[in-house]
Amino acid sequence: MTYDLAVVGGGINGVGIAADAAGRGLSVLLVEMGDLASGTSSHSSKLVHGGLRYLEHYEFRLVRKALQEREVLFANAPHIIWPLRFVLPQVPAGRPWLLLRAGLFLYDHLGNRRRIPGSRSVDLTRDDAGRPLRRDLTSGFAYWDCHVDDARLVVLNARAAADKGAAIETRTRVGSMVADDAAWRITLKGPGGTREARARVLVNAAGPWVQEVADSFGGQPHIREPLRLVKGSHIVVPRIKGAQDAYVCQSGDGRVVFAIPYERCFTLIGTTDIPFSGDPADAAIGEDEEDYLLDLANRYFAQPLTRADIVWRYTGVRPLYDDNKSANASAVSRDYRFELEVGPGRPPLLTVLGGKLTTYRRLAEAALARLAPHLPPMGPPWTANATLPGGDLGEGGLRAFVQRLCKSRPAFDAEFLDRLARRYGSLVDEVLGDAERDSDLGAAYGGGLTEREVCYLMEREWACEPDDVLWRRTKCGLHMMADERRAAAEKIAKLL
Ligand code: FAD
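Calculation rules
Residues numbered from 1 in each chain as written. Predicted model: local features only at pLDDT ≥ 70, side-chain atom pairs only at ≥ 80, totals over all residues. Heavy atoms only, no water. Near = heavy atom within 4 Å. Polar contact = N/O pair within 3.5 Å; in protein donor to acceptor, adjacent residues only side chain to side chain. Areas by Shrake-Rupley, 256 points an atom, 1.4 Å probe, with all protein chains shown as cover. Helix = DSSP H or I, 4+ residues; strand = E, 2+ residues; numbered from the N terminus. Nonpolar A, V, L, I, M, F, W, Y, C, P; charged D, E, K, R; others polar. Domains from an automatic or database assignment. Contact = heavy atoms within 4.5 Å. Buried area = accessible area lost by both parts, 1.4 Å probe. Salt bridge = Lys/Arg side-chain N within 4 Å of Asp/Glu carboxyl O. Buried < 20%, exposed > 50% of the residue type's maximum accessible area, 1.4 Å probe, protein only.

What about the site of the ligand?
Among the 37 residues in the neighbourhood of the ligand, the closest are listed as E32, S41, L47, G355 and T358. In this structure, a nitrogen atom belonging to the ligand sits 2.9 Å away from a main-chain N or O atom of S45. Between the ligand and L47, the relevant distance is 2.7 Å, taken from a nitrogen atom to a main-chain nitrogen or oxygen of the residue. Calculation on the ligand without its partners gives an accessible area of 1000 Å², and the protein chains cover 97% of this total. Looking at the shell around the ligand, the elements that each hand over two or more residues are helix 1 (12–23), strand 8 (173–180), strand 11 (227–238) and strand 16 (312–321). Per-element tally for the shell around the ligand: the top contributor is strand 16, with three residues. Residues of the shell around the ligand, tallied by class, amount to 13 nonpolar, 19 polar and five charged. There are two domains that each give the shell around the ligand at least three residues, and those are domain 1 (2–40 + 152–226 + 334–385) and domain 2 (81–148 + 228–321).

Below is the structure:
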């Protein structure tokens, strides 16, 4: 069979394009060399946001697009995306009051804000948000953005694609790609050995590996715009006492670091911005990055943090296209760019550069608009008003959904059901099936993870290895002690 479209890369941009294309009636193949979201897309700050900071770089178009998407994605995936209040304390070395006020005014009005609250100033000596902060921080601003479970956003898009007929092949590496007149011949190396697939149009959405994949076409340079790889790291510590909001910590050099309430009992602190070269799979946090994040947090929070507090750390590599406007890695544009190559005797190849989680849906629509002349007739754009799998929570949103769930499954712990609802939304019934109590869920592995959930992830979400379950489709690994995690990984490996 010859697919209409083959996509290399199962990060957010690849699955977004695959889902959109499959929903328009095209035959689609998506190939991912590791697990879905195992690249940059599970190593983000986990925000669906406009990017207040980008206003300083006059990126009004990007901020507007991202703010518009914040509303769309919150409506379509309210189980994995929810509003979060950000508190921005004023510090002498930070931006002036007037600049912040003007920036937040723009942020409130640029992007069709409907359901996300607006900004205001806060008196940190009176507002609860001031409690975890050092005494000298007395005033600031509060504004709203959204938290997202980044890895699940990817998996749910893959699921949406598969539900519309796309073939999703994980643990399958794309080797060489050869153009033969009307189609690409693609060599795939997967668990079953090496085989060949054919596609009329090819999309290279390999994130920070985009150049490496481009090189496998052989010969010519396939990316005209230079790519800039920028490493960003996060640390996770037990929840900073009293820190229920997210905080924006301004460093003296103009950068900002977020301290975000994470997974019920943790605080996520990041990110750094460091130029990177080498294999993105080897990117890891350096001690200098840990010190930078801890130092900055200690300038804001009353509770002192040290390296001993870090329970998890992760690093991602941003694949940014280099606009040559700045030597500073944190100032390079986060917008996306396409390169479309098509010529006589050569089927089309679209390369995706840059982007953000927040704008993936718009990126997918734009990619298909660029490719439309080269694809068979297809349906119109459809994703703006379509919920992601599990996102149809009914009246009253997530809170009302969880209340109904607790009523319908009274023997389960309410917190357990709340956690499941924030992973699976309305698909929670598929996960729990006819189970009425804990003992119906099979073995318990710790961190709230059960045999039944692992089986679901294996059957419906392409989970193949313990990390797929412990660190991407769930974050149960974070809620286990090291011994417990090892034991769970062994048991899950047997099951998988
Ligand atoms: P990836 O997620 O890396 O996907 C590419 C995939 O291609 C990988 O899974 C890889 O395994 C696969 N691949 C590579 N080569 C091959 C091959 N030969 N065969 C098959 N598969 C292959 N954006 C936001 O909107 N909000 C945020 O809060 C945010 N925070 C960020 C924080 C950090 C530290 C970083 C680094 C980025 C952040 N971003 C954020 C940006 C966002 O995470 C990225 O733009 C996005 O995840 C990139 O997705 P992608 O699909 O292009 O790349």
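Overview of the side chain of K46
Here K46 is to be found in the loop between strand 2 (28–31) and strand 3 (47–48). Those residues in contact with K46 that sit more than four places away from it in its chain are C146, H147, V148, D150, Y262, L268 and Y314.

Quick notes on the domain arrangement of the protein
The assigned domain composition of the protein is domain 1 (2–40 + 152–226 + 334–385), domain 2 (81–148 + 228–321) and domain 3 (397–495). Each of domain 1 and domain 3 has a C-alpha centre, and the two are 31 Å apart. Taken residue by residue, the interface counts 13 residues in domain 1 and 14 residues in domain 3. Of the roughly 1200 Å² buried between domain 1 and domain 3 on both sides combined, carbon and sulfur atoms contribute 47%. The largest per-residue losses of area from domain 1 upon contact with domain 3 belong to R152, R159 and R171, which jointly make up 55% of the total buried on that side. Inspection of the region where domain 1 meets domain 3 yields six salt bridges. Across the pair E465 and R171 runs a salt bridge whose closest N-O atoms are separated by 3.4 Å. The tally of links from domain 1 across to domain 3 stands at nine residue pairs in polar contact (both at pLDDT 80 or more). If one sorts the elements of the side of domain 1 that touches domain 3 by residue count, helix 4 (residues 150–163) sits on top with six residues. Of the residues in the side of domain 1 that touches domain 3, the class split is seven nonpolar, two polar and four charged.

Brief notes about the pattern of salt bridges
Taken as a whole, this structure holds 48 salt bridges when the rule is applied. In this structure, D468 engages R171 in a salt bridge whose closest nitrogen and oxygen atoms are separated by 2.7 Å. Placement of D468 in helix 12 (residues 466–473) and of R171 in the loop between strand 7 (167–169) and strand 8 is noted, with a sequence separation of 297 residues between them. The exposure class of D468 is buried, given its relative accessible area of 0%. Between R452 and D434 there is a salt bridge; the shortest N-O distance is 3.6 Å. Pair noted here: R452 is in helix 11 (residues 451–460) and D434 is in the loop between helix 10 (428–432) and strand 19 (444–446), with a separation of 18 residues, a long-range link. Given a relative accessible area of 25%, R452 falls into the partly exposed group. If you follow the salt bridges from partner to partner, you end up with D35, R171, E465, D468, R472 and R473 in one network.

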